[in-house]
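Coordinates in review
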Amino acid sequence: MLSTVSFQAYGGMPVAPPLLFRNPSSCAADLALTVKPGSSRRGGTDSKLRIGNFITFSGAPGIWGPISANSVMLAVAEINRRGGIRGREVELSMYDAGGPIEEVVRRAERAIAFDEIDVIMGSHISAVRLALRKVTAGRIPYVYTPVYEGGERTPGVMAIGETPRAESRPAIHWLTEVKKAQRWYLIGSDYVWPWQSHRAVKRYIKEAGGHVVGEEFVPLGEDNHEPHLARIRAARPDVVLITLIGTDSITFNRAFAEAGLAATTLRYAGAMDETVMLGIGPDSTQNLFCASGYFGCIDSRANDDFRTSYRAMFGAHAPPIGSVGQSNYEGMRFLEAAANQARSLSIGPLSAAAHNLVYSGARGTVTLRDGRAEMPIYLAEADGLDFNVIRTI
């Protein structure tokens, strides 16, 4: 059933309208009862803009659930204080994007049919995106926010995250030139983002003059990394490129350091942020590099304002801000800008406007050209639980 929780419950100021948490196991009849008294069905006179945010709260990517929820709630609060999107107050519902993909698909179908959401926003693995875009096609807009493999061109699906070409290509060249890295070992989770990312990074490694000495994909949820570490040790790479996701990345990087490899072998990790770093621990991050469009330590007016607002709403002990979760804030700012440019929230005009667009968020100015997001990308090295930004790439 539906439970209604104000922002006050999360340690911040109360903000209208309330946030709606929906139990993934609710049946269709239950979900049909979640429409508030006095509100009308889609196509009626109700002015609220209903956004269904599909965030992963379970499984390996579930580690990003709390910061993802906080980030989107902050954005909604700010937007509603400005009068909403196109004059419509945003009403936010959250759904778990974890678990079997067929169950996530059913949640999305119910959300559209019974909760009558107007927009789906997603922060989850790409395998879920590939399934959900079939549900949303031709029906409602779908904004996909986190780092991903690139190439999303489905009508109505707007992907705004970083891609391997923007992140990994310049990072690989830097590690080759500055750290003299030649031998690369690739290890990733066994699903679409690592598959496609590895295809791209192999080209970039060859382009930089290096070569791949090993590659493997690990089932989601695997936490016994001894066989992987044995193969890595035997291959003697200069760099291990890691595309493991969430808690799988945490357990691997801990094991990597415990095996004594951190002192001798560089690591370059995708989807690596402050949330994952906190799980890895300060003693296991030696020689760990990553590239991203966002780090909490970035010194800019936009990020200063974001961090100040985040702490004011959620308190000093809120989950650390990392790029994957923070992308949910960017998604709302993107949607607001696209709707204003389109002067519409209909799927056709909104998608057309989003194809070439400039918006501003905590990452500063982000430009979409032909549907591809362009933003400053930073190369950073881990330092305990923090990052030191080396350069903008």
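The structure under discussion appears in the preceding block.
Now for a look at the structure at hand. (Residues numbered from 1 in each chain as written. Predicted model: local features only at pLDDT ≥ 70, side-chain atom pairs only at ≥ 80, totals over all residues. Heavy atoms only, no water.)

A packed helix pair is summarised by two numbers, namely the angle formed by the two axes and the spacing between the axes. At their nearest, the axes of helix α5 (residues 164-178) and helix α6 (residues 192-207) sit 9 Å apart, and the two run at 35° to each other. Regarding α5 and α6, the two cross each other, and that crossing is right-handed. Between α5 and α6, the residues in contact are Pro 164, Arg 165, Ser 168, Arg 169, Ile 172 and His 173 and Ser 197, Ala 200, Val 201, Tyr 204, Ile 205 and Glu 207, respectively. Of the residues contributing to the contact of α5 with α6, the split by class is 6 nonpolar, 3 polar and 3 charged. (Axes fitted to C-alpha atoms, helices over the stretch in contact; angles between N-to-C directions. Helix = DSSP H or I, 4+ residues; strand = E, 2+ residues; numbered from the N terminus. Left-handed = near helix turned anticlockwise from the far one by under 90°. Contact = heavy atoms within 4.5 Å. Nonpolar A, V, L, I, M, F, W, Y, C, P; charged D, E, K, R; others polar.)

What follows covers the sheet that holds strand β14 (residues 364-369). The sheet built from 3 strands is open, its strands ordered β13-β14-β15 with antiparallel pairing. Only two strands of the sheet have a single neighbouring strand rather than two, namely β13 (357-361) and β15 (372-374). Between one strand axis and the next, the sheet turns by 25° as a mean value, whatever way the strands run. The sheet contact formed by β13 and β14 spans 5 bridges and is antiparallel. Residue pairing in the sheet places Val 358 in a bridge with Thr 367 of β14. (Pairing = 2+ DSSP bridges.)

Of note, Arg 363 is situated in the loop between β13 and β14. In this structure Arg 363 comes out as buried when scored by relative accessible area, which is 9%. It is 9.9 Å that separates the C-alpha atoms of Arg 363 and Tyr 329, two residues lying 34 residues apart in sequence. (Buried < 20%, exposed > 50% of the residue type's maximum accessible area, 1.4 Å probe, protein only.)

This model, assessed by the stated rule, comprises 10 aromatic pairs. The interplanar angle of 50° and the centroid separation of 5.8 Å between the aromatic rings of Trp 174 and Phe 289 together place this pair among those described as tilted. Here the residue Trp 174 occupies a position in helix α5, and Phe 289 occupies one in strand β12 (residues 288-292), the gap between them amounting to 115 residues. When its relative accessible area of 10% is taken as the criterion, Trp 174 is described as buried. Seen in terms of ring centroids, Phe 252 and Phe 256 are 5.8 Å apart; in terms of plane orientation they differ by 45°. Their pairing is tilted. Of this pair, Phe 252 and Phe 256 both sit in helix α8 (residues 247-258), 4 residues apart, which is roughly one turn of the helix. Its relative accessible area of 0% is what places Phe 252 among the buried residues. (Phe/Tyr/Trp six-rings, centres within 6.5 Å; stacked < 30°, edge-to-face > 60°.)

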